[in-house]
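Understanding the architecture of this molecule
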Amino acid sequence: MPSFQCQDSDRSAFMCFAMPSKTRRHSLPQRRATLNVHGTQAISSLKRALNIGLFLAPTVIHLHSDGIAGGKRDIYLSAAIQRSLRQLFNALREDSPTLPRKAFKSFLEEEQGEPPEKVDRIVSEDAYTFPRFLEVWWRGFGLEIEKAVSIDEKDLKQPLSNYFIDSSHNTYLAGNQLSGRASVETYKRALLQGCRCVEIDVWNNSTASSSDRSLAGSINEIPRSEHSQTFGRRSLHTTAAHVKAAVDDRIDRTRHFLGVEKVHSHTPRCSKFNVSGSSIENGDGLIPGFPGADGGAGINQGGWKPVLPLDEPIVMHGWTFNQPIGFRQVCKAIREVAFEKTHLPIIISLEVHALAEQQEKMVQIMKEEWAGMLVEEPHTSCPNGQMPRLEELLDKILVKVKKTSMRAENSSTMSTLGPRSTAADDGASGSEDDPQIPVKRPAPKVPICENLSNLAVYTHSEHFVNWESFTLKSPSHIFSINEKKILDLWETKRDELFAHNRNFFMRAYPKGSRVNSSNPDPSQFWRKGIQMVAMNWQKWDEGMMLNKAMFSGEHGWVLKPAGYRSDDGGLRVQSTELSYRSFDLDITVLSAQHIPLPEGMPRHKSHTLRPFVKCELHIEKADERPRASGEGGVRLRPVEWKRQTGSGRTDHPEFRIERRELSFKDIHKVEELLSFVRFRVEHDQSLRIPLKETFAGWACIRLDRLATGHRFIPLLDLDGNETKGSLFVKVRKTYRP
């Protein structure tokens, strides 16, 4: 195997790069195949053996440097990617045996978009061999597709309402909205992945009136005289959970009696948040009913029986089959990981259904568990209700809840809001305004006690009535409105909606009919200036892909673009176009490696994979803008922003020249920070093996962070987890006036 090596005693780094070659048989991987078949199987077996023998495995690049943690870094490149890099090097050097310094600098500055001063500092040699070219390029500049965000360079001096915030809806759920089990682990996962606004639905603890009964106990075991007490007015919200738990308990008992092992089924798109069985930590009482939980109960022979702390509020999705968890356990879980990844603040969105006595316990629990972190009074630098700057609330937890002082006004407006309206926060887990929701429940009318209300220092919930409401004068108010109602408001009052969101908070949440935990496209709400778009983190769909791209590396807070912030108050709504840009985007998919195999494709069949890449732009549509018309009052024509490549071969493919270009021309005046490019890798089952699931991997990048030049795009799986897979692409962005 021919090797190319660069080593210099005057430098602290060297690289060995090995290029596999088809011309020398002894350099091929030594693999042995035995053919013990006869008849029609012989030909297919022979083809399989040839595929194994001719496959060029990924080759390692060894980088040694004092600047790299551990002094060593190994990078694996497939033969397909190696060929793409070699072709690039040959094109750059032209007829020269090595790459001249001038050509290297021109490539880095013009094609890769690197700063000239950085290029001058790093590219200092007169000529570069292929290995040295790769080493300097890789170590000095990197090939990442996403431009890095430094927390040290992040602008933290703006008021809180000038940022988009990574938000979660019904954070406690690990599955669908009707029967998914609640868990504290979902809070930990969301926070560790960058979420900075989580939701807690708080209810009275119905176990307080029956301390010797577990919540999941069988109905038949409860004496008739206790039925009215156990399922009384204070516990109606848990009735469905009682019934479901009783049925589950009876099934588990029967299964245990028959000796039948329980088989768990995991939905691919929700498996990341599946918390059933033994996969969940139970330390410190995090999973009620498991050993170590408060109350000391565990799993008996009859099945899973959660035991909740007595006389303390619970967290659940009321009027559904969701089994509850303790409010204190949720607060403990949040405290444990709140600032493990970042120091930027967290907003706790409380939906309170508990009565006054348990509200007081909520306050006590939050002050105990979040001592030193909980914001209980205004910052000294923010008198008269002014909104603090982000940098002033590092390592702090803010509570979003209704204010007591607003109850009278809300009550007086009840008669004008229609028969389905309530004085409760629009941020309810379901939607009073959405007739499609399959679960009917009484409208909650719970007054907030003064001590709990006092914790809403900078973030207090308000029910939206109209744009003339007196609550609009309070800097700390937050309107929580479901997605459908926001789109209706945009059709009739888009200027008022956009102007409000430039100065004050608004939160969007999924409509109630999304019982399968699906998500809307969050970008359409960010473009309306809405700071918090609460997402169902239980399901990794297109909406969550866009959400991940928006907040990737941003620590959960993204500064709004010019024209969307309160400091632009003197500008007209149309001034948002000041940050709009027009350009052409051309993406060439050259090759790839370690493409994740679709579900159902065994590893030994990876050579039959025929991957192709779908690419879609998510940009603002003409009718989404503050003014529906385009230039000169003429409506902009709708454009389909979808492209796809031809198919490659194996999980280490090269893409054919004639079908690897993804071109998007005349992208007209878009805000790049609020626009995205999404990649989806699929198996072309029409060419080879048909599969039930063709999806292989995906990636999504915000357009303002999309780096140009030759880059690697890391691929994620269906659950949003990192994989070894990556695409090697060339990106060209041509801006126009």
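Note that this is a predicted model, so its numbers are computed, not measured.

Formed by 78 residues in total, the largest nonpolar core has its most connected members in I200, F327, I334, L350, M366, W370 and L452. In this structure, V613, C615, L617 and L706 belong to the second largest nonpolar core, which totals 34 residues.

Turning next to the pairing of strand β25 (residues 722-736). Remember that side chains alternate between the two faces of the sheet whenever the strand is regular. Judged from the 11 bridges that link them, strand β18 (residues 581-593) and β25 form a sheet pairing that is antiparallel. Among the inter-strand pairings, L585 is bridged to a residue of β25, identified as K733. The pairing of strand β24 (residues 709-716) with β25 spans seven bridges and is classified as antiparallel. The residue bridging R711 from the neighbouring strand is V729, located in β25. Taking the residues that link successive antiparallel strands as the turn, the β24-β25 hairpin has five residues, and the phi of G720 there is positive, at about 80°.

This part is about helix α15 (residues 542-551). Counting buried positions along α15 gives eight out of 10 residues, so the element sits mostly inside the fold. The complete set of buried residues in α15 reads G543, M544, M545, L546, N547, A549, M550 and F551. Phi for G553, located one or two positions after α15, is positive at around 75°.

Attention shifts here to unusual backbone geometry. In this structure, H555 is a non-glycine residue whose phi angle is positive, near 60°. For H555, the location among the structural elements is in the loop between α15 and β17 (557-559). In this model, D666 sits at a positive phi of 55°, which is unusual for a non-glycine residue. In this structure, D666 sits in strand β21 (residues 661-670).

The next thing to look at is the layout of surface pockets. Empty space within the largest pocket amounts to approximately 1300 Å³. Around the largest pocket, the lining comprises 47 residues; the ones closest to its centre are E146, P714, L715, L716 and E722. Mapped onto the lining of the largest pocket, the elements with two or more residues apiece are β4 (72-77), α6 (185-192), α15, β23 (695-702), β24 and β25. Here the residues of the lining of the largest pocket sort into 22 nonpolar, 15 polar and 10 charged.

The next thing to look at is the pattern of salt bridges. Counted by the stated rule, this structure contains 36 salt bridges. In this structure, E369 and R328 form a salt bridge, with 2.9 Å as the shortest nitrogen-oxygen distance. On the criterion of sequence distance, the pair formed by E369 in helix α10 (residues 356-369) and R328 in helix α9 (residues 327-337) is long-range, its members being 41 residues apart. For E369, a relative accessible area of 7% gives the class buried. Between R389 and E391 there is a salt bridge; the shortest N-O distance is 3.2 Å. Where salt bridges share partners, they join E312, R328, R335, E368 and E369 into one cluster.

Bringing the pairing of strand β7 (residues 163-168) into the picture now. Across the six residues of β7, six count as buried, placing the element largely inside the fold. Burial along β7 is two-sided: the residues Y163, I165 and S167 and F164, D166 and S168 are all buried. As paired elements, β7 and β17 share three bridges and run antiparallel to each other. Of the residues in β17, the one forming a bridge with F164 is V558. Both β7 and strand β16 (residues 532-535) contribute to a ladder of four bridges, which runs parallel. Among the inter-strand pairings, S167 is bridged to a residue of β16, identified as A534.

Turning our eyes to something else, we now look at the environment of L192. Structurally, L192 can be placed in helix α6. Note: C-alpha distance between L192 and E340 (148 residues apart in sequence) is 7.3 Å. Residues within four places of L192 in sequence aside, it is in contact with V337, E340 and K341.

Below, the discussion takes up the packing of aromatic side chains. In this structure the tally under the stated criterion is 18 aromatic pairs. Taking the centre distance of 4.9 Å and the plane angle of 75° together, the rings of F104 and Y128 count as edge-to-face. Taken as a pair, F104 in helix α3 (residues 101-111) and Y128 in strand β6 (residues 127-128) lie far apart in primary sequence, 24 residues in all. No difference in accessibility class separates F104 from Y128, as the two residues are buried. Taking the centre distance of 5.2 Å and the plane angle of 85° together, the rings of F107 and W137 count as edge-to-face. Of this pair, F107 sits in helix α3 while W137 sits in helix α5 (residues 130-140); the two residues are 30 residues apart in sequence, bridging distant segments of the chain. The structure contains a cluster of three or more aromatic residues connected by ring pairs, namely F89, F104, F107, Y128, F130, F133 and W137. Lying over the aromatic face of W490, K528 brings its terminal NZ or CZ to 4.8 Å of the ring centre. Sitting above the plane of the F583 ring, K733 keeps its charged end 5.7 Å from the centroid.

A few words on the side chain of T171. You can see T171 is positioned in the loop between β7 and α6. A residue is classified by how much of its surface remains accessible, and T171, at 3% relative accessible area, is buried. Side-chain polar atoms of T171 contact the side chain of S168, separated by 2.8 Å. The contact partners of T171, leaving out residues within four places of it in the chain, are T186, Y187, A190, V198 and E199.

Cut-offs applied
Residues numbered from 1 in each chain as written. Predicted model: local features only at pLDDT ≥ 70, side-chain atom pairs only at ≥ 80, totals over all residues. Heavy atoms only, no water. Core = buried A, V, L, I, M, F, W, Y, C linked by side-chain atoms within 4.5 Å. Buried < 20%, exposed > 50% of the residue type's maximum accessible area, 1.4 Å probe, protein only. Pairing = 2+ DSSP bridges. Helix = DSSP H or I, 4+ residues; strand = E, 2+ residues; numbered from the N terminus. 1 Å grid on protein atoms, 1.4 Å probe; cavity = no way out; pocket = protein on both sides within 12 Å on 5 of 7 lines; lining within 4 Å. Points joined across faces, edges and corners; volume = space filled by probe spheres on them. Nonpolar A, V, L, I, M, F, W, Y, C, P; charged D, E, K, R; others polar. Salt bridge = Lys/Arg side-chain N within 4 Å of Asp/Glu carboxyl O. Contact = heavy atoms within 4.5 Å. Phe/Tyr/Trp six-rings, centres within 6.5 Å; stacked < 30°, edge-to-face > 60°. Lys NZ or Arg CZ within 6 Å of the ring centre and 35° of its normal. Polar contact = N/O pair within 3.5 Å; in protein donor to acceptor, adjacent residues only side chain to side chain.

Shape descriptors only; they carry no functional weight alone.
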